[in-house]
Each structure stands twice: as structure tokens, then as C-alpha cells.
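Chains, contacts and geometry: an overview
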Amino acid sequence: MVDVSEHELVPEHSVLDEDVLEEVLEEYNIDRTDLPKIKRADPALPDDAEVGDVIEITRDSRTTDQATVYRLVVE
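Summary of the structure given here. What you see is a predicted model; the values in this text were computed from it and never measured.

To continue, consider helix α1 (residues 18-28). Taken together, the buried positions of α1 are Leu21, Val24 and Leu25. Summarising the axial view, the buried residues of α1 lie within an arc of 95 degrees, below the 170-degree limit, and thus occupy one face. Every exposed residue of α1 that faces more than 90 degrees away from the buried side is listed here: Asp19, Glu23, Glu26 and Glu27. Just past α1, the residue Asn29 takes up positive phi, approximately 55 degrees.

Listed below in C-alpha cells is the structure:
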């Protein structure tokens, strides 16, 4: 079976630490539940991601070199 998370076109996904998460939520003045969602079954998620975690996704960008987005893991 192919490990999708290792494919060159899949951006880096990592579980965000609670300390960093609080800073992000404060910076954007939002709650955790305001973040876009990603399903736990998504094959790109790290194995240690659990429902309720926030995932930081770092993508290559033509305009800003790298773009960082955040997703809330849901069932």
C-alpha cells in the first residue's frame, strides 16, 4: 500500500502544540471551532493526530514562498 503522506505533492502536516495553538487563536481572534475542518480519515494526517487536534499544514506558495494553514481534526 502507498503512504500518501510521503508523496512529493502532499504538503507537510504536523500536530500543533497547545502553546503554539493558543498564540495562533489569539493572533486571529478566533476559537478552535472556527478553523476549517479536516477529517481524521484523511490519509495525509500524521498517525498521532486525534479528533480535536489542530494540524498545521505548510505548503509551497508562488507568492509567499511558503503558506501555513490550520485545520481542526474532526471525526
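This part takes up the nonpolar core. As a rule of thumb, soluble globular proteins bury nonpolar side chains together. With 8 residues, the main nonpolar core is built from Leu16, Leu21, Val24, Leu25, Leu35, Val54, Tyr70 and Leu72. Mapped onto this core, the elements with two or more residues apiece are α1 and β4 (65-74). Here the element with the most residues in this core is α1; it accounts for 3 residues. Dropping the residues within four chain positions of it, Leu16 is found in contact with Leu21, Val24, Val54, Glu56 and Tyr70. Core analysis: the next-biggest nonpolar cluster, separate from the first, contains 7 residues, Leu45, Ile55, Val69 and Val73 among them.

Procedures and definitions
- Residues numbered from 1 in each chain as written.
- Predicted model: local features only at pLDDT ≥ 70, side-chain atom pairs only at ≥ 80, totals over all residues.
- Heavy atoms only, no water.
- Buried < 20%, exposed > 50% of the residue type's maximum accessible area, 1.4 Å probe, protein only.
- Helix = DSSP H or I, 4+ residues; strand = E, 2+ residues; numbered from the N terminus.
- Arc of directions from axis to C-beta.
- Core = buried A, V, L, I, M, F, W, Y, C linked by side-chain atoms within 4.5 Å.
- Contact = heavy atoms within 4.5 Å.

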